[in-house]
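So the chains spell out like this:
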Amino acid sequence: QVQLVESGGGLVQAGGSLRPSCAASGRTFSNYVMAWFRQAPGKERDFVAAISWSGGRTDYADSVKGRFTISRDNAKNTMYLQMNSLKPEDTAVYYCAARLGNFLYRSSRPYDYWGQGTQVTVSS
């Protein structure tokens, strides 16, 4: 079992930055692929970014490529999402997810563990 806790969301003006984090506990963090998803009101949960065990491989949704950076610190059992040049359309609840293995899935279905989410609101 893996427990995930997100933090670091908040309210920011368009063009600003935020860096939410996801703290993991319960199992060997470095054995898990980690990912960020987001869900806006009335919409489906969408893929944002994913990162491999070592952090050497990453994948991003087209909508955030060049603006967001996913990273992880296995010594601290923590994953991060550096979000720059934020837009109002980035407003959503951001969830971290984990799955055993090393394939970077964009679908939410393969991920076994989820955090409770952190709200990110970008004002225009």
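Given the structure is predicted, the values throughout are model-derived calculations rather than measurements.

Engineer: Quick one: what's the story with the overall build of the protein chain, residue by residue and with numbers?
Structural biologist: The number of helices and strands found in the protein chain is zero helices and eleven strands. For the protein chain, the C-alpha radius of gyration of 13 Å lies close to 14 Å, the compact-globule estimate for 124 residues. In terms of principal-axis extent, the alpha carbons of the protein chain reach across some 40 × 30 × 25 Å. Within the protein chain, the fraction of its 124 residues that count as buried is 44%. Of the contacts formed within the protein chain by residues at least 6 apart in sequence, a portion of 60% connects residues at least 24 apart.

Engineer: Help me get a handle on the state of the cysteines, residues and values and all.
Structural biologist: Tallied over the entire structure, the rule returns one disulfide. One disulfide bridge connects Cys 22 with Cys 96, the sulfur atoms lying 2.1 Å from each other. Between Cys 22 and Cys 96 the disulfide shows an S-S torsion of about 55°. By sign, it is right-handed. Here the residue Cys 22 occupies a position in strand β3 (residues 21-25), and Cys 96 occupies one in strand β9 (residues 92-100), the gap between them amounting to 74 residues.

Engineer: Describe the nonpolar core, with residues and values.
Structural biologist: Counting residues in each nonpolar core, the largest one holds 37 residues, and the members touching the most others are Leu 4, Met 34, Trp 36, Met 79, Leu 81 and Tyr 94. Those elements that provide at least two residues to this core are β3, β4 (32-39), β5 (45-51), β7 (68-73), β8 (78-83), β9 and β11 (118-123). Residues within four places of Met 79 in sequence aside, it is in contact with Pro 20, Ser 21, Cys 22, Phe 29, Met 34, Ala 35, Trp 36, Ile 51, Ile 70, Ser 71, Arg 72 and Cys 96.

Engineer: Explain the side chain of Thr 118 to me, using residue names and the numbers behind them.
Structural biologist: Examined against the element boundaries, Thr 118 turns out to sit in strand β11. Of note is the side chain of Thr 118, whose polar atom sits 3.1 Å from the backbone nitrogen of Gly 9. The contacts of Thr 118, once residues within four sequence positions are left out, are Glu 6, Ser 7, Gly 8, Gly 9, Pro 20, Ala 92, Val 93 and Tyr 94.

Engineer: I'd love a proper account of the sheet that holds strand β1 (residues 3-7), names of residues and values included.
Structural biologist: The sheet built from four strands is open, its strands ordered β1-β3-β8-β7 with antiparallel pairing. Only two strands of the sheet have a single partner each, and these edge strands are β1 and β7. Here the average twist between neighbouring strands, direction ignored, is 15°. Two elements, β3 and β8, share three bridges in a ladder whose sense is antiparallel. In the sheet register, Cys 22 faces β8, and the bridge partner there is Met 79.

Engineer: How would you sum up the environment of Arg 99? Please name residues and give values.
Structural biologist: On the secondary structure map, Arg 99 appears in strand β9. The exposure class of Arg 99 is buried, given its relative accessible area of 16%. The spacing of Arg 99 and Ala 35 is 64 residues in sequence and 8.8 Å in space, taken between C-alpha atoms. For Arg 99, the side chain forms a polar contact with the main-chain oxygen of Pro 110, separated by 3.1 Å.

How each quantity is defined
- Residues numbered from 1 in each chain as written.
- Predicted model: local features only at pLDDT ≥ 70, side-chain atom pairs only at ≥ 80, totals over all residues.
- Heavy atoms only, no water.
- Helix = DSSP H or I, 4+ residues; strand = E, 2+ residues; numbered from the N terminus.
- Rg over C-alpha atoms; globule rule 2.2 N^0.38 Å.
- Buried < 20%, exposed > 50% of the residue type's maximum accessible area, 1.4 Å probe, protein only.
- Contact = heavy atoms within 4.5 Å.
- Disulfide = S-S within 2.5 Å.
- Core = buried A, V, L, I, M, F, W, Y, C linked by side-chain atoms within 4.5 Å.
- Polar contact = N/O pair within 3.5 Å; in protein donor to acceptor, adjacent residues only side chain to side chain.
- Pairing = 2+ DSSP bridges.
- Axes fitted to C-alpha atoms, helices over the stretch in contact; angles between N-to-C directions.

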